[in-house]
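# Examination of the molecular architecture
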Amino acid sequence: MSDKTFIVLLSHMRSYTSVLAHILGSHPDICGYSELHCDTLTRSGMQNAREILQRRNDFATAKFLLDKLLHNGPQASELIDCRQVMPLIGVRQPEQTLKSIINMGQLYCQDANRKRRLTDAGYVTEYYVSRLRWLEYFVSRHRARCFIFRAEQMLADSQVLLSQIRSFLALEGNLQSSYQLFDNTGSPGHGDPSPRIRLGELQLRENCYEAIEIPLPLLEIAKQAYDTFWATAGGDGRL
C-alpha cells in the first residue's frame, strides 16, 4: 500500500463538492479532482482509485490522493482509524439541495431513466435522507477523524473554510478560490455538469429555483434528517 493518504470528500449531490474538489485538486500536494466511482473507503476500492490516479502526471509528486463519494457504500473503519483516509464531510440545507438536484435533472440529464428519477421530488428526497443517514452513521463512528462543514460556507465564508481545511490536512501553501480546469471538468459522471464549473473561479452566488417546488411533507422529512445529522455532528447546521 502506498504511503499517500487519501482525502475523501463525503457529501451528497449539489453540495458544491465539484468546485471544492477542483480547488483541492489544484493544490500541488493533491492528485485528483472528481468522483472516481470506486468504493474508496474499502481496501480494494482504494487500490482501484489509486490505479486510476497513477495515470495522472501529478501522481508521483503528490502527497495526497483525492476522491469524492456522493452515494452510500461500504467502508473499512481501520482505514479511517489509521489515517489512511482523511474524511471531509459537507452537508447542505435540504430545500436548496432538493431543488438543485431537480434543476440539474431537468437541464443536464440525458439518460431518460435517470432524468425521470432526478426530477421526481419523492425520489430526490429519499436519496437525500438516505445519504444523510449514512453520513450520520459515519460521523457517529469517526467524529474525531473528520472535518465537518456546512456546504453553504463555500459561498458565504470561503476563505475561512478553505483555511480550516488547509489546517486539517496540514497542507503547505494556501487553498485558492481559483482552480484549474481538468480533462473531465464539466463532463457527466465527473461532477457538476453546468457551465459554471468551467469558469475556473469560485462564484459567490446562490442559484434561484423559484419555479421548482418541494411538497411540504417531503421537505419536513428532509429537514428532520438534516437536523439529526447535525445533532450527531455537534452543531445546528446554521452559519
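The structure contained in this document is the topic of the report that follows. Being a predicted model, the structure only gives us computed values, none of them experimental. (Residues numbered from 1 in each chain as written. Predicted model: local features only at pLDDT ≥ 70, side-chain atom pairs only at ≥ 80, totals over all residues. Heavy atoms only, no water.)

Right, let's get into the sheet that holds strand β1 (residues 5–10). The five strands are arranged β2-β3-β1-β4-β5 in an open sheet whose pairing can be described as parallel. Strands with a single pairing partner mark the edges of an open sheet, and in this sheet they are β2 (30–31) and β5 (147–150). As judged from the two bridges shared by β2 and strand β3 (residues 64–69), these two strands associate in the parallel manner. Counterpart to Cys 31 in the pairing with β3 is Leu 65. (Pairing = 2+ DSSP bridges. Helix = DSSP H or I, 4+ residues; strand = E, 2+ residues; numbered from the N terminus.)

Counting residues in each nonpolar core, the largest one holds 50 residues, and the members touching the most others are Leu 10, Leu 41, Ile 89, Val 91 and Phe 229. The leading source of residues in this core is helix α6 (residues 121–142), at 10 residues. Not counting residues up to four positions away in its chain, the partners in contact with Phe 229 are Ile 89, Val 91, Leu 132, Leu 135, Glu 136, Val 139 and Ile 148. Formed by 27 residues, the second largest nonpolar core is a distinct cluster that contains Phe 64, Ile 165, Leu 175 and Tyr 179. (Core = buried A, V, L, I, M, F, W, Y, C linked by side-chain atoms within 4.5 Å. Buried < 20%, exposed > 50% of the residue type's maximum accessible area, 1.4 Å probe, protein only. Contact = heavy atoms within 4.5 Å.)

Before going further, it helps to examine the pattern of salt bridges. For side chains of opposite charge, pairing can occur when their charged atoms come near one another. By the definition in use, this model includes six salt bridges. Glu 78 is the partner of Arg 43 in a salt bridge, and the nearest nitrogen-oxygen pair spans 3.8 Å. Pair noted here: Arg 43 is in helix α2 (residues 43–53) and Glu 78 is in helix α3 (residues 77–81), with a separation of 35 residues, a long-range link. A salt bridge links Glu 95 to Lys 99; the nearest nitrogen and oxygen atoms lie 3.3 Å apart. Placement of the pair is Glu 95 and Lys 99 together in helix α4 (residues 94–108), with a separation of four residues, close to one helical turn. (Salt bridge = Lys/Arg side-chain N within 4 Å of Asp/Glu carboxyl O.)

Next up on the list: the packing of aromatic side chains. The final tally for this structure, using the stated rule, is six aromatic pairs. Judged by centre distance (4.3 Å) and plane angle (15 degrees), the ring pair of Tyr 33 and Phe 182 falls under stacked. Placement of the pair is Tyr 33 in the loop between β2 and α2 and Phe 182 in the loop between α8 (158–169) and α9 (216–233), with a sequence separation of 149 residues. Across the pair, exposure class does not vary: Tyr 33 and Phe 182 are buried alike. Linked through ring pairs, Phe 147, Phe 149 and Phe 168 together constitute an aromatic cluster. (Phe/Tyr/Trp six-rings, centres within 6.5 Å; stacked < 30°, edge-to-face > 60°.)

Once that is clear, we can look at the environment of Ser 178. Secondary-structure assignment places Ser 178 in the loop between α8 and α9. Sequence spacing of Ser 178 and Ile 23 is 155 residues, and the spatial spacing of their C-alpha atoms is 6.8 Å.

Taken N-terminus to C-terminus, the directions of helix α1 (residues 17–25) and α8 make an angle of 55 degrees; their axes are 12 Å apart at the nearest point. Taken together, the axes of α1 and α8 lie oblique to each other. In this structure, α1 meets α8 at a crossing whose hand is right-handed. For the pair α1 and α8, contact is made by Leu 20, Ile 23 and Leu 24 and by Leu 162, Ile 165 and Leu 169, respectively. (Axes fitted to C-alpha atoms, helices over the stretch in contact; angles between N-to-C directions. Parallel < 35°, antiparallel > 145°, perpendicular 65-115°, else oblique. Left-handed = near helix turned anticlockwise from the far one by under 90°.)

This part is about the layout of surface pockets. Remark: the empty space left among the atoms is shown by a probe the size of a water molecule rolled over them. Considering only enclosed or pocket space, the second largest pocket measures out at about 300 Å³ in volume. Lining the second largest pocket are 14 residues, and of these Tyr 33, Leu 36, Ile 52, Arg 56 and Asn 184 lie nearest its centre. Each residue belonging to the lining of the second largest pocket can be placed in one class, and the counts come to five nonpolar, five polar and four charged. (1 Å grid on protein atoms, 1.4 Å probe; cavity = no way out; pocket = protein on both sides within 12 Å on 5 of 7 lines; lining within 4 Å. Points joined across faces, edges and corners; volume = space filled by probe spheres on them. Nonpolar A, V, L, I, M, F, W, Y, C, P; charged D, E, K, R; others polar.)

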